[in-house]
Amino acid sequence: MTSSLIRPAVDLELIFPAFNEERRLPSTIEATVDHLAERSWASAIVVVDNDSADGTHDVVERFARSPVPVYAIGCSDHGKGAAVRRGISTSSARYVGFADADCATPIETLDPVMALLAEGHAAVIASRRAPGASYEIEQSALRRCGGWIFRRLARMSLPDIADTQCGFKFFSGPLIREVVGGCHVDGFAFDVEILTRLARHGHRVTEVPVAWCDVPGSTFSARRDGLRSMADLIRISIAR
């Protein structure tokens, strides 16, 4: 395991923002390493520990001899958006993106994502609502209701994107490093801010359908995070 903000340039860096993910992270990293080790791309995994109170940071030490480098860096600013920006801004990879620690989106989705990036697509994101996508395990009724409201607000900024919140998004490295320098949303609407800035600068966002599974243990709280996310969406829609 290497802990460093300065990392060798690779074709792909995959960022896992992590807050108290000691239990779910090991199997996710293992599956990701197994997949990346069989691909031709030079890859690395970066765990951004978002000020966890458990052993999240220590999990990475188990992969000291991994065939794919696994790094751990810290982020004391709270919020998934802050952690993702920390990982992206310290990356020098040709392509960089992030996925959730619960592995709800199959890691095999990387194959079509990387093919599209290599073709010149600026941003490629997994989608649970694009044609051909499916829910293998559905969310709760409460989460589905909240998701409907969130999507309605997100479409004020991104009317052409069916699913802004699937946690599996990858980008041209130089482009996204420039874009996140102007982003400020730390909460769960950070994806919308990033995608909106890309769209407003004329960059196409490509959606890839996935077979997605809801995995218990999300850190999202409807009571704590819901209203904040809605307010962030409104601010994003009126910002220029």
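Let me begin by describing the structure that accompanies this report. Remember, it's a predicted structure, so these values are computed and weren't measured experimentally.

## A short note on the pairing of strand β2 (residues 43–49)
And then number 1: With seven of seven residues buried, β2 is to be regarded as a mostly interior element.
And then number 2: Regarding the hand of the β-α-β motif, the stretch spanning strand β1 (residues 12–18), helix α1 (residues 25–37) and β2 is right-handed.
And then number 3: Pairing between β2 and strand β3 (residues 70–74): five bridges, direction parallel. Across the sheet, the residue bridging to V46 is Y71, located in β3.

## What about unusual backbone geometry?
And then number 1: For N20, which is not glycine, the phi dihedral falls at a positive 55°.
And then number 2: With respect to the secondary-structure elements, N20 resides in the loop between β1 and α1.
And then number 3: Judged by its relative accessible area of 33%, N20 falls in the partly exposed class.
And then number 4: Of note, C103 is a non-glycine position whose phi angle comes to about 60°, a positive value.
And then number 5: Mapping C103 onto the fold places it in the loop between β4 (95–99) and α4 (110–118).

## Digging into the pattern of salt bridges
And then number 1: Under the counting rule described, the total for this entry stands at nine salt bridges.
And then number 2: Among the ionic pairs, R7 bridges to E13, the shortest N-O distance being 2.8 Å.
And then number 3: Judged by relative accessible area, which is 6%, R7 ranks as buried.
And then number 4: The exposure class assigned to E13 is buried, which follows from its relative accessible area of 1%.

## Remarks on the environment of M230
And then number 1: Take M230: it is sitting in helix α8 (residues 222–238).
And then number 2: Residue classification places M230 among the buried residues on the basis of a relative accessible area of 19%.
And then number 3: Sequence separation of M230 and A189 is 41 residues, and the distance between their C-alpha atoms is 7.9 Å.

## Description of the sheet that holds β1
And then number 1: Strand order across the open sheet formed by seven strands is β3-β2-β1-β4-β7-β5-β8, with mixed pairing between neighbours. Each having just a single partner strand, β3 and β8 (205–209) make up the two edges of the open sheet. With direction set aside, neighbouring strand axes in the sheet form an average angle of 20°.
And then number 2: Pairing of β1 with β2, which is carried by seven bridges, proceeds in the parallel orientation. What sits directly across from I15, in β2, is V46.

Basis of the calculations
Residues numbered from 1 in each chain as written. Predicted model: local features only at pLDDT ≥ 70, side-chain atom pairs only at ≥ 80, totals over all residues. Heavy atoms only, no water. Buried < 20%, exposed > 50% of the residue type's maximum accessible area, 1.4 Å probe, protein only. Helix = DSSP H or I, 4+ residues; strand = E, 2+ residues; numbered from the N terminus. Right-handed = clockwise from strand over helix to strand, strands pointing away. Pairing = 2+ DSSP bridges. Salt bridge = Lys/Arg side-chain N within 4 Å of Asp/Glu carboxyl O. Axes fitted to C-alpha atoms, helices over the stretch in contact; angles between N-to-C directions.

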